[in-house]
Amino acid sequence: CMYVIGVCTEIVSSRCGLVLGSLINAGFTGLVELILFYFSIRKELGEVVRAAVTGAFLMNLLVIPGLSMLAAGIKWKEIKLNRKVQSVSGTFLFLAIVAVFFPAIFYGIYGRSRVYCTECYGLEGQFYLPSNQYANCTHCSIKSLSNLDDDNIYINMARPLMYTVSCVMPIVYAVGLFFSMKTHKYIYDEFEAEQAGEEGENGGASLKTWVCIVILLASYVLFSFISEILTDFMPEALGKMGLTERFVGLVFYTLVPAVAEFMNAIRFALEGNMGLSLEIGNQGAMVVSLIQMPALVLMSVLIGSKDSKGSFTLMFEMIDVFAVIISVLLRNSMLMENSINYFTGFAFLVVFLLIAIV
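Only a predicted model underlies this, so the values are computations on that prediction, with no experimental measurement involved.

## Considerations on unusual backbone geometry
Now for step 1: A positive phi angle, close to 60 degrees, is found at E44, a residue other than glycine.
Now for step 2: By the secondary structure assignment, E44 is in the loop between α2 (18-42) and α3 (46-75).

## A word on the state of the cysteines
Now for step 1: Overall, the coordinates contain 0 disulfides when judged by the stated rule.
Now for step 2: Here C8 is not cross-linked by a disulfide; its sulfur's nearest cysteine counterpart is in C212, at 4.6 Å.

## What about helix α14 (residues 342-357)?
Now for step 1: Here α14 spans 23 Å end to end across 16 residues, near enough to the 22 Å set by a 1.5 Å rise per residue.
Now for step 2: Listing the buried residues of α14 in full gives T344, G345, A347, F348 and F352. Buried residues of α14, viewed axially, fall in a sector of 155 degrees; they line one side. In this structure, α14 carries F343, L353, L354 and I357 as exposed residues pointing more than 90 degrees from its buried face.
Now for step 3: Those residues of α14 that are buried lie in contact with α3, α13 (318-334) and β5 (339-340).
Now for step 4: Looking at where α14 begins, the residue whose side-chain oxygen comes 3.1 Å from the main-chain nitrogen of F343 is N341.

## Comments concerning the packing of helix α5 (residues 102-110) against helix α7 (residues 152-183)
Now for step 1: The N-to-C vectors of α5 and α7 enclose an angle of 165 degrees; their axes lie 9 Å apart at closest approach. Taken together, α5 and α7 sit at an angle that is classed as roughly antiparallel. Handedness of the crossing formed by α5 with α7: right-handed. Only I153, Y154, M157, A158, L161, M162 and V165 of α7 make contact with α5, whose side of the interface consists of F102, P103, F106, Y107 and Y110.

## Some details on the nonpolar core
Generally speaking, a soluble globular protein has its nonpolar side chains buried in company with each other.
Now for step 1: By size, the foremost hydrophobic cluster in this structure holds 88 residues, and its most contacted members are V53, F57 and F312.
Now for step 2: The leading source of residues in this core is α3, at 14 residues.
Now for step 3: Excluding its chain neighbours within four sequence positions, the residues that come into contact with F312 are I41, V49, R50, V53, M293, L296, V297 and S300.

## A short note on the packing of aromatic side chains
Now for step 1: Going through the model one piece at a time under the given rule, you end up with 7 aromatic pairs.
Now for step 2: Measuring from ring centre to ring centre gives 5.7 Å for F57 and F101, while their planes differ by 50 degrees; the resulting arrangement is tilted. Taken as a pair, F57 in helix α3 and F101 in the loop between α4 (83-100) and α5 lie far apart in primary sequence, 44 residues in all.
Now for step 3: The exposure class of F57 is buried, given its relative accessible area of 0%.
Now for step 4: A centroid spacing of 5.0 Å and a plane angle of 50 degrees characterise the contact between F106 and Y110, whose relative ring orientation is tilted. Here Y110 and F106 lie together in helix α5, a separation of 4 residues that amounts to about one turn.
Now for step 5: Its relative accessible area of 23% is what places F106 among the partly exposed residues.
Now for step 6: The class of Y110 is partly exposed, set by a relative accessible area of 49%.
Now for step 7: Members of the aromatic cluster, connected to one another through ring pairs, are F57, F101, F312 and F316.

## Quick look at the pattern of salt bridges
Now for step 1: Scanning the model with the defined rule gives 5 salt bridges in all.
Now for step 2: One salt bridge connects K240 with E236, and the closest N-O pair in it is separated by 3.1 Å. A residue pair is termed a helical-turn pair when its members lie 3 or 4 positions apart in one helix, as K240 and E236 do in helix α9 (residues 209-241) at 4 residues.
Now for step 3: By relative accessible area, which is 69% here, K240 ends up exposed.
Now for step 4: D320 serves as the salt-bridge partner of R246, at 3.0 Å between the closest nitrogen and oxygen. A residue pair is termed long-range when its members are at least 10 positions apart, and R246 in helix α10 (residues 245-255) and D320 in helix α13 qualify at 74 residues.
Now for step 5: By relative accessible area, D320 is classed as buried at 6%.

## Points about the environment of A295
Now for step 1: Tracing the chain through its elements places A295 in helix α12 (residues 274-303).
Now for step 2: With relative accessibility at 22%, the residue A295 sits in the partly exposed group.
Now for step 3: Distance in space between the C-alpha atoms of A295 and C167 is 9.6 Å, their sequence separation being 128 residues.

Reading the values: rules and limits
Residue indices begin from 1 for each chain and proceed along its sequence in written order. Per-residue local features of the predicted model are confined to residues with pLDDT of at least 70, and side-chain atom pairs are confined, for both listing and counting, to 80 or more; whole-chain, interface and lining totals are unaffected and use all residues. Hydrogens and waters are ignored; side-chain quantities use all the structure's heavy atoms. Helix numbers and strand numbers start at the N terminus; a helix is a DSSP run of H or I with at least 4 residues, a strand a run of E with at least 2. Note that a disulfide, as used here, is simply two cysteine sulfur atoms within 2.5 Å. Helix span is expected to be 1.5 Å times the residue number reduced by one. To sort residues, take the accessible area from a 1.4 Å probe on protein chains only and compare it with the maximum for the residue type: under 20% means buried, over 50% means exposed, and anything in between is partly exposed. Summarising the geometry, the arc corresponds to the directions from the helix axis toward the C-beta atoms. When checking whether two residues touch, look at their non-hydrogen atoms; a contact exists if any pair is within 4.5 Å. The term polar contact refers here to a pair of N or O atoms within 3.5 Å; inside protein, the definition further demands a hydrogen-donor-capable atom paired with an acceptor-capable atom, and it admits residues adjacent in sequence only when both atoms are side-chain atoms. To define axes, lines are fitted to C-alpha atoms, for helices over the stretch in contact only, and angles between the resulting N-to-C directions are given on a 0 to 180 degree scale. Small angles under 35 degrees read as roughly parallel and large ones over 145 as roughly antiparallel, with 65 to 115 read as roughly perpendicular and the rest as oblique. A clockwise turn of the near helix away from the far one marks a right-handed crossing, whereas an anticlockwise turn of less than a right angle marks a left-handed crossing. Residues enter a nonpolar core if they are buried and are Ala, Val, Leu, Ile, Met, Phe, Trp, Tyr or Cys, with the set joined through side-chain atoms within 4.5 Å. Aromatic pairs are defined between Phe, Tyr and Trp rings, using the six-membered ring for Trp, whenever the two ring centres lie within 6.5 Å; interplanar angles under 30 degrees are classed as stacked, those over 60 as edge-to-face, and all others as tilted. Take a side-chain nitrogen of Lys or Arg and a carboxyl oxygen of Asp or Glu: if they are within 4 Å of each other, that pair is a salt bridge.

Below, the structure is given as structure tokens:
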């Protein structure tokens, strides 16, 4: 399914401009991920979905540009970049990432932990203790709350903040589209004109656009059935295989839907269209942060989960927040150069490997 979706998406996007083409790639792939995430949320696999969202960020910010630059750098020693285009994309991307992680940062700072104590001042049980009293007790240990709904700070502050951010993010995305496709379209048009003479016709261009769309819709229907079967067996498989939810979400849930993006990004890079190849990753990350994450929050509300434990929330682990923000900063700093080579792509992949190990 993902191979067919990748081929059809590549044909359709190659007939569009830089922004619209990359948006089509990111949009079709994002829809596949949403289908998989929807069935996962129904099975209360919220932790798997949160890890998968983190993995989607890392794939778009590190792996896709890394593979593209590595492939293009091996074919050509150096690849010229349009700094103006990369600067606009980088600024918008940084805004999107930082804004969508504010609820997680807020809760990471102010969220409560439960103090577990076997013998505290002669009493046994579980207690909330001030930090200065905890410091004097050798039997206490601090653990995060197993359920966010037990924390008044989440109920009264972090959750309303999450809903507010989820409402604002699609508006930010719409403004960004208006900027790149209407008021400042000339920035991307100039870059496309520079590469127009070097790009050849795509080998699959003989397939008509409406045929591609029909095949895409059929593939999505089939992928929906596959996703439902996958999530039905996932809880039992996690137990039998001894895998954590975070590992499954980061690796399996992320790698499978990203096959189409990998294939298209590398193909565009080898054809000399490095701008479109990099923009696929940029648009993918922005779709995840500004469209997918608010959509997942809405899905959890509509499905009507009784608690937040199995549903999707924006309360990410701090290591996830740091990893994504570091990835954005790395992407913005390296792609501000006039040219890149295969070593730049190799560096992106090494950083992803280190984060995955952590």
